[in-house]
Amino acid sequence: MSWEPELQELRRRQAYAREMGGTERVQRQHDRGLLTVRERIDRLLDRGSFLELGSVSGQASYDADGDLENLTAANCVFGRGKIHGRAVTVTGDDFTIRGGSADAAIWAKFKMAENMAYEYRLPLIRLVEGSGGGGSVRTLETSGRANLPGGVGTTSGMDLCVRNLAQVPVVAIGQGSVAGLGAARLVASHLSIMVKETAAVFVAGPPVVERLGERRTKQELGGHAVQTKAGTIDLAVDSEDAAFEAARRFLSYLPSSVWELPPRGAIPDDTDRRDEFLLSVVPRNTRQPYRMRPIIEAVTDRDTFFELGQNFGSSLITGLARMNGWPVAVMAGDPFRYGGAWTATSSQKLARFIDLAETFHLPVIHLADCPGFQVGLEAEASGVMRHAVRAISAINQCTVPWCSILVRNVFGVGGGAHQPAGRLSLRYAWPSGRWGSLPLEGGVAAAYSREISAAADPEAETKKIEERLARLRSPFRTAEAFLVEEIIDPRDTRRLLCDFADLAAPLRTPGRVSYSARF
């Protein structure tokens, strides 16, 4: 006797589920310029690799004889698939059913996706669209009571999200309106992505905010320009396909879990490549800024630099790259933003970035140009010292191999954190390197105020003192005392960094770390 009738019933139920919210609501999703959750999963994963779980879970209706009349799927779709042949877990919100809110979901599906990623040590991708929280206020009528957030026997699942940050790479993509717990799930990731013109992220949306007296559109309240500058979201892209490509690329630098090592990529580039512009890229005029990103591109494997958080904490550039095929974490000062000084926001960005490198065993390369912490009332009001010390703590707590290139400024407490203290790090200085407790330009006026004020020409006296001290501040004087290990031709930087990556590769150790991603 065959079980074909039951299999036909299964296929019938699966067909209902694939209809999602129905033809009209699917069309409404497309009219908004958005894909459905199933289209998203198909485009994200390797073709034909998706294995769905809970494919027929949802709310069914039956006739008087107990036969199925219809099935409305739960608005969480999840399962396993592959990206570039590597297994991943993916979970997505179906906005065509109750706007992605939890009162149309079976919450066990979301939790199982989180648990599967954790227990099977698989990267996790969340496709987020909706509130994903306790549902709309209509839930009061359907349940007959109000939910107590965090009450006994209840959980939002955020504990699972936080747990995964220390175990597996997590990417979250916001593709439409994302609010409340949905926004929290989006941000609780190692890489959060927004689609520029269609996504908006907020604690509460415009209708709630308007009741509090603030009238805003979705984009004004939580559009990409707001959220990437605030550091809530790491990356904004032009389309959903661009978001999927960013997710795939980000994961390519990372291991599947902390119990593995980041995989080596292709080696399409010459380790001995020398770019002539590096010889003169740093101006002799110390007040003149220069472009750091072309330097990063010149010393890393070609076309491998993947920048993170460009619009937040902009005096610091952070991103992933490869050196001789090995994945590395790259950070660099940006002289065009606050002269490269650490601000409160760049310090927050730095701490999170170092935690990412530590969690997933990525050696760090630091192209240092830091005149110290930001100064002035704006800096003090932002709590710059508190955030900067947090960043310094992350640097000194990390254990991954570290190499610093002293490109120009290394001053003060911030400059002193160009590498972890108390352990061996490799360090090279360019001839343009400048360092000390304070830059001469500010320190001379304070330290030699009596001589300057007594001089017949204070301006000439200041210049004379600065020239005398500049000769003493020469990097060669520091190298004589072996206080900087080696001064190099800038054109040799790539070769030396590839050598560092080769040395660091066998030192990487899989496993959990003491200080993982602290968000």
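Everything quoted here is computed from the prediction, not taken from an experiment.

About the thresholds
- Throughout this description, residue numbers start from 1 for each chain and increase along the sequence as written.
- It should be noted that, the model being predicted, local features are given only for residues of pLDDT at least 70 and side-chain atom pairs only at 80 or more, the latter also being counted only at that level, while totals for whole chains, interfaces and linings use all residues.
- Excluded from the side-chain calculations are hydrogens and water; all other atoms, namely the structure's heavy atoms, are used.
- Whether two aromatic rings pair depends on their centres lying within 6.5 Å, for rings of Phe, Tyr and Trp, where Trp uses its six-membered ring; planes under 30 degrees apart make the pair stacked, over 60 edge-to-face, and the rest tilted.
- Put simply, DSSP H or I for four residues or longer makes a helix, DSSP E for two residues or longer makes a strand, and each gets a number counted from the N terminus.
- A simple rule labels every residue: compare its accessible area, found with a 1.4 Å probe on the protein chains alone, to the largest value its type can have, and call it buried under 20%, exposed over 50%, or partly exposed in between.
- The salt bridge definition used is simple: a Lys or Arg side-chain nitrogen within 4 Å of an Asp or Glu carboxyl oxygen.
- Start and end points for every domain follow an automatic or database-based domain assignment.
- Whether two residues are in contact is decided by their heavy atoms: any pair within 4.5 Å suffices.
- Note on definitions: buried area is the accessible-area loss of two parts on being combined, 1.4 Å probe, summed for both.
- Here a polar contact is recorded for every N or O atom pair within 3.5 Å, except that within protein the pair must consist of a potential hydrogen donor and a potential acceptor, and residues adjacent in sequence are included only if both atoms are side-chain atoms.
- Only buried residues count toward a nonpolar core, which is a set of Ala, Val, Leu, Ile, Met, Phe, Trp, Tyr and Cys residues joined through side-chain atoms within 4.5 Å.
- We call two strands paired when DSSP finds no fewer than two bridges between them.
- Whether a crossover is right-handed depends on one test, that the path from the first strand over the helix to the second runs clockwise when the strands point away from the viewer.
- Expected helix span is given by 1.5 Å per residue-to-residue step, counting one fewer step than there are residues.
- Directions pointing from the helix axis toward each C-beta atom define the arc.
- For helices, the fitted axis covers only the stretch in contact; all axes are lines through C-alpha atoms, and the angles between them, taken along N-to-C directions, range from 0 to 180 degrees.
- Here roughly perpendicular refers to angles of 65 to 115 degrees, roughly parallel to angles under 35, roughly antiparallel to angles over 145, and oblique to all remaining angles.
- Note on convention: the crossing is left-handed when the near helix lies turned anticlockwise from the far helix by less than a right angle, right-handed when the turn is clockwise.

## So, the packing of aromatic side chains
Turning to step 1, where the next piece is worked out: Applying the stated rule across the entire model yields four aromatic pairs.
Turning to step 2, where the next piece is worked out: Both rings, one in Trp107 and one in Phe110, keep their centres 4.7 Å apart while their planes meet at 35°; by these two values the pair is tilted. Here Trp107 pairs with Phe110, and both are found in helix α4 (residues 107-119), just three residues apart, close to one helical turn.
Turning to step 3, where the next piece is worked out: By relative accessible area, Phe110 is classed as buried at 2%.
Turning to step 4, where the next piece is worked out: Ring centres of Phe250 and Phe306 lie 6.2 Å apart, and the angle between their planes is 45°; this geometry places the pair in the tilted category. Here the residue Phe250 occupies a position in helix α11 (residues 240-252), and Phe306 occupies one in strand β11 (residues 306-308), the gap between them amounting to 56 residues.

## Details of the pattern of salt bridges
Turning to step 1, where the next piece is worked out: All chains considered together, the criterion is met by 30 salt bridges.
Turning to step 2, where the next piece is worked out: Between Arg28 and Glu24 there is a salt bridge whose closest N-O contact spans 3.4 Å. Placement of both Arg28 and Glu24 in helix α2 (residues 23-31) is noted, with a separation of four residues, approximately one turn of the helix.
Turning to step 3, where the next piece is worked out: Here Arg494 makes a salt bridge to Asp301, at a shortest N to O gap of 3.0 Å.

## Some remarks on the domain arrangement of the protein
Turning to step 1, where the next piece is worked out: The domain boundaries assigned to the protein delineate domain 1 (35-55 + 74-253) and domain 2 (276-430 + 488-505).
Turning to step 2, where the next piece is worked out: Its C-alpha centre places domain 1 at a distance of 31 Å from the equivalent point of domain 2.
Turning to step 3, where the next piece is worked out: With 19 residues of domain 1 at the interface, the matching set in domain 2 holds 18 residues.
Turning to step 4, where the next piece is worked out: For the domain 1 and domain 2 pair, buried surface summed over both sides reaches about 1400 Å², with 59% attributable to carbon and sulfur atoms.
Turning to step 5, where the next piece is worked out: In this structure, Asp234 engages Arg352 in a salt bridge whose closest nitrogen and oxygen atoms are separated by 2.6 Å.
Turning to step 6, where the next piece is worked out: Here domain 1 is connected to domain 2 by nine residue pairs in polar contact (both at pLDDT 80 or more).

## Considering the nonpolar core
Turning to step 1, where the next piece is worked out: Judged by nonpolar contacts, the single largest core of 56 residues is most densely connected at Ile193, Phe250, Trp342 and Ile354.
Turning to step 2, where the next piece is worked out: Counting the residues that make up this core, at least three belong to each of domain 1 (35-55 + 74-253) and domain 2 (276-430 + 488-505).

## Here we look at the pairing of strand β14 (residues 364-370)
Every other side chain in a regular strand lies on the same face of the sheet, so the side chains alternate between the two faces.
Turning to step 1, where the next piece is worked out: With seven of seven residues buried, β14 is to be regarded as a mostly interior element.
Turning to step 2, where the next piece is worked out: Examined bridge by bridge, strand β13 (residues 326-333) and β14 share four bridges and lie parallel to one another. Residue Met331 lies in a different strand from β14, and its bridge partner there is His366.
Turning to step 3, where the next piece is worked out: With helix α13 (residues 344-359) bridging β13 and its parallel neighbour β14, the resulting β-α-β unit is right-handed.

## Concerning helix α19 (residues 458-472)
Turning to step 1, where the next piece is worked out: The end-to-end C-alpha distance of α19 is 21 Å, a good match for the 21 Å that 15 residues give at a rise of 1.5 Å each.
Turning to step 2, where the next piece is worked out: For α19, the set of buried residues is Thr462, Ile465 and Leu469. The buried residues of α19 occupy one face: seen down the axis, they fall within an arc of 70°. The exposed residues of α19 that point more than 90 degrees off its buried face are Glu459, Lys463, Lys464 and Arg471.

## Thoughts on the pairing of β13
Turning to step 1, where the next piece is worked out: With eight of eight residues buried, β13 is to be regarded as a mostly interior element.
Turning to step 2, where the next piece is worked out: A two-sided burial pattern is seen for β13, the buried positions comprising Trp326, Val328, Val330 and Ala332 on one face and Pro327, Ala329, Met331 and Gly333 on the other.
Turning to step 3, where the next piece is worked out: As judged from the eight bridges shared by strand β12 (residues 316-323) and β13, these two strands associate in the antiparallel manner. Looking at β13, one finds that Leu320 is bridged to Ala329.
Turning to step 4, where the next piece is worked out: Linkage of β12 to β13, two consecutive antiparallel strands, is achieved through a turn of two residues, within which Asn324 is found at a positive phi near 50°.

## With respect to the packing of helix α3 (residues 37-44) against α11
Turning to step 1, where the next piece is worked out: As a packed pair, α3 and α11 sit with axes 10 Å apart at the nearest point and diverge in direction by 45°. Considering the angle they form, α3 stands oblique to α11. As α3 runs across α11, the sense of the crossing is right-handed. Counting all contacts with α3, which are made through Arg40, Arg43 and Leu44, the residues of α11 involved are Glu240, Asp241, Phe244, Ala247 and Arg248.

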